[in-house]
Amino acid sequence: MLMTFDYGFTDDQKEIIKLAREIAEKKIKPVRAHYDETEEFPWEVIEDIRKADLFGVYLPVEYGGFGGANTEMCLVSEELSKACGGISLAVTACGLCAIPILLFGNEAQRQRWLPDLGSGKRLGAFNITEPDAGSDATATKSTARREGDYYVLNGLKNFCTNGEAAEIYIVFATVNPVRGPRGITAFVVEKGTPGFTFGKKETKMGIRASSTYELIFENCKIPASNRLGSEGYGLFVAQATFDFSRPGVGSQALGIAQGALDETIKYIRNRKQFGQTVISFQAIQHMMADCAMKIEAGRALLYSVNRTMDKIQKEAYARAKESGKLVYEEMRALNPGRVTKYSAMVKAFCSDVAMQVTTDCVQMCGGIGYMRDFPVEKYMRDAKITQIYEGTNQVQRNEIAMMMIKEYASQMVQKELLKV
Ligand SMILES: Cc1cc2nc3c(=O)[nH]c(=O)nc-3n(C[C@H](O)[C@H](O)[C@H](O)COP(=O)(O)OP(=O)(O)OC[C@H]3O[C@@H](n4cnc5c(N)ncnc54)[C@H](O)[C@@H]3O)c2cc1C
């Protein structure tokens, strides 16, 4: 394995890296081809990750976590993804479920669901996508009808990661279709609730150890206390969640890229053509150098953005504990500008890097790189999804540009005001 740059990680964070790396090497690498081939859910590895206590590294200690934040989540994801991006996703998908509970849940809701998600006792999932509402989440058709102290959910959600394996689901549905985007609301639904079943299991190009399912809601009655945030605030919940979860996709992407490069270098050091090793060809060395530069640029962006996010997250938790307000409210007070632009940059940049690097790795290995019994092609298949989910990279670029336009516009207004 190549040396990795130390971005000022603390001793605790270095311990997390060591632990996750050990699981990746000893527990994931030996079984990853099996899960890729069979598309079964990797329960035995989930058990190892649970025992190592790596599920909740980003959660506050009062909810059974390690007291970390985004950096810790990304370190785990990066290391596990070096071995298998599909298996690592089972862990980060739980984060995608826990983040909205942490940001928008009241204390009772946080106490009810976070400890199980943090220990990995129960897995989590997050589902906003529907067949007609992909990039455009405002087109959500699933409904949640209020009936006294309950909501009754109806609709079909699709492409749910950790679907069927999870027991706690964040689900988005509209409480009032007439209100369009302002009707969409977030709910927590537990597995086993009558009226909540699973539909089609998807078969996929990559991340085949990850389970992807349809969720079906037919008159599914859930307590009103399962609503996260206010009615009509679902899209805020989703966007704020993505602000903190997209770096997780970036870390998954970089882990996949680094894993592919490590396997490639191991091979080309020994492979001989024209009487010399493949690694001694300068054309190959330049590709290696480009891959390494791109990965390191991604890591530099990821971990510097994370450092700021960690600070905001930790301060907001501490303030919310004192004030009794939602963590999200404290976050907005601390950082009214939000982190959407930077989070989208991390996700888009790192996932584009992963696709470029893994494609080049197949190229550097030649024909063997294309074969299913050699580990490199799997990285290329796994990398592709990182450019698609949690908002495609086109959508990330839309968001980055939109934030830039707003920032420039507000600067211009301020300048005009100052003139007067
Ligand atoms: C394996 C897998 C796991 C997933 N897991 C989850 C999950 O756990 N939870 C969940 O909620 N969702 C999940 N998704 C859904 C995922 O987030 C969506 O697939 C993704 O957001 C894109 O939506 P779509 O597939 O409907 O594509 P579409 O929205 O139909 O997009 C098609 C193309 O049009 C482009 N496009 C769309 N709108 C614009 C625009 N405004 N500007 C420029 N280009 C645009 C897109 O970039 C894309 O290239 C998963 C998807 C997959 C494949």
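Residues numbered from 1 in each chain as written. Predicted model: local features only at pLDDT ≥ 70, side-chain atom pairs only at ≥ 80, totals over all residues. Heavy atoms only, no water.

### Some thoughts on empty space enclosed by the protein
Thought 1: Scanning the entire structure with this criterion turns up 3 cavities of 30 Å³ or more.
Thought 2: Its boundaries defined by the atoms lining it, the largest cavity holds a volume of some 90 Å³.
Thought 3: Lining the largest cavity are A240, D243, F244, I312, Y328, M331, R332, N335, R338 and V339.
Thought 4: Put simply, the parts of the chain that give the lining of the largest cavity at least two residues each are helix 7 (234-268) and helix 9 (327-334). (1 Å grid on protein atoms, 1.4 Å probe; cavity = no way out; pocket = protein on both sides within 12 Å on 5 of 7 lines; lining within 4 Å. Points joined across faces, edges and corners; volume = space filled by probe spheres on them. Helix = DSSP H or I, 4+ residues; strand = E, 2+ residues; numbered from the N terminus.)

### Considering the domain arrangement of the protein
Thought 1: Segmenting the protein into domains produces domain 1 (11-123), domain 2 (125-228) and domain 3 (234-412).
Thought 2: The distance between the C-alpha centroids of domain 1 and domain 3 comes to 18 Å.
Thought 3: Listed as interface residues are 34 residues of domain 1 and, on the opposing side, 39 residues of domain 3.
Thought 4: The interface formed by domain 1 and domain 3 contains 5 salt bridges.
Thought 5: Residue R32 pairs with E263 through a salt bridge whose shortest N-O separation is 2.9 Å.
Thought 6: At the boundary of domain 1 and domain 3, one finds 16 residue pairs in polar contact (both at pLDDT 80 or more).
Thought 7: Sorting the residues of the side of domain 1 that touches domain 3 by element identifies helix 2 (32-38), helix 4 (70-83) and helix 5 (85-104) as the ones contributing at least two each.
Thought 8: Of the residues contributing to the side of domain 1 that touches domain 3, the split by class is 15 nonpolar, 11 polar and 8 charged. (Domains from an automatic or database assignment. Contact = heavy atoms within 4.5 Å. Salt bridge = Lys/Arg side-chain N within 4 Å of Asp/Glu carboxyl O. Polar contact = N/O pair within 3.5 Å; in protein donor to acceptor, adjacent residues only side chain to side chain. Nonpolar A, V, L, I, M, F, W, Y, C, P; charged D, E, K, R; others polar.)

### Structural notes on the side chain of S210
Thought 1: The topology assignment puts S210 in the loop between strand 6 (196-201) and strand 7 (212-223).
Thought 2: Contact partners of S210, with chain neighbours within four places excluded, come to G86, L89, T161 and K204.

### Observations regarding the pattern of salt bridges
Thought 1: Evaluated as defined, the whole model comprises 31 salt bridges.
Thought 2: Across the pair E62 and K321 runs a salt bridge whose closest N-O atoms are separated by 3.1 Å. Of this pair, E62 sits in the loop between helix 3 (43-51) and helix 4 while K321 sits in helix 8 (residues 282-323), placing them 259 residues apart in sequence.
Thought 3: A salt bridge links R381 to E377; the shortest N-O distance between them is 2.7 Å. Of the two residues, R381 and E377 both sit in helix 11 (residues 376-385), 4 residues apart, roughly one turn of that helix. Neither residue differs from the other here; R381 and E377 are each classed as buried.
Thought 4: Shared partners join several salt bridges into a network, and the residues in it are D36, E37, E39, R208, R372, E377 and R381. (Buried < 20%, exposed > 50% of the residue type's maximum accessible area, 1.4 Å probe, protein only.)

### Remarks on a nonpolar patch on the surface
Thought 1: A surface patch of nonpolar side chains, amounting to about 330 Å² of accessible area, comprises I368, Y370 and M371.
Thought 2: Inspection of the secondary structure assignment puts Y370 in the loop between helix 10 (340-365) and helix 11.
Thought 3: You can call Y370 exposed: its relative accessible area is 68%. (Patch = residues over 30% accessible without salt bridge, like charges linked within 9 Å, V, L, I, M, F, W, Y side chains within 5 Å. Areas by Shrake-Rupley, 256 points an atom, 1.4 Å probe, with all protein chains shown as cover.)

### Description of the site of the ligand
Thought 1: Taken together, 19 residues surround the ligand, and among them T129, S135, F159, T392 and Q394 come closest.
Thought 2: Contact between the ligand and F126: a nitrogen atom at 2.8 Å from a main-chain N or O atom of the residue.
Thought 3: Within the side chain of T129, an N or O atom sits 2.7 Å from a nitrogen atom of the ligand.
Thought 4: Computed on the free molecule, the ligand has an accessible area of 970 Å², of which 64% lies beneath the protein chains in the complex.
Thought 5: Judged by the fraction of its atoms near the pocket grid, the ligand is located in the largest pocket.
Thought 6: Within the residue set of the shell around the ligand, elements represented by two or more residues are strand 1 (124-127), strand 3 (150-161) and helix 12 (393-419). (Near = heavy atom within 4 Å. Sits in = over half its atoms within 2 Å of the grid points.)

### Side note on the state of the cysteines
Thought 1: Within this structure, the stated rule accounts for 0 disulfides.
Thought 2: Between C350, a cysteine without a disulfide, and C74, which holds the nearest cysteine sulfur, the sulfur-to-sulfur distance is 9.0 Å. (Disulfide = S-S within 2.5 Å.)

### Structural notes on the layout of surface pockets
Thought 1: Counted as a void, the largest pocket has a volume near 1400 Å³.
Thought 2: As for the largest pocket, its lining consists of 48 residues, of which G134, F242, R246, E390 and G391 are closest to the centre.
Thought 3: Contributions of two or more residues to the lining of the largest pocket are made by helix 5, strand 1, strand 3, helix 7 and helix 12.
Thought 4: For the lining of the largest pocket, the per-class residue count stands at 21 nonpolar, 18 polar and 9 charged.

### Overview of the pairing of strand 1
The side chains of a regular strand alternate between the sheet's two faces.
Thought 1: Of the two faces of strand 1, the one holding G124 and F126 and the one holding A125 and N127 are both buried throughout.
Thought 2: Bridge count between strand 1 and strand 4 (residues 168-174): 4 bridges; the pairing is parallel. The residue of strand 4 that forms the bridge with F126 is I170. (Pairing = 2+ DSSP bridges.)

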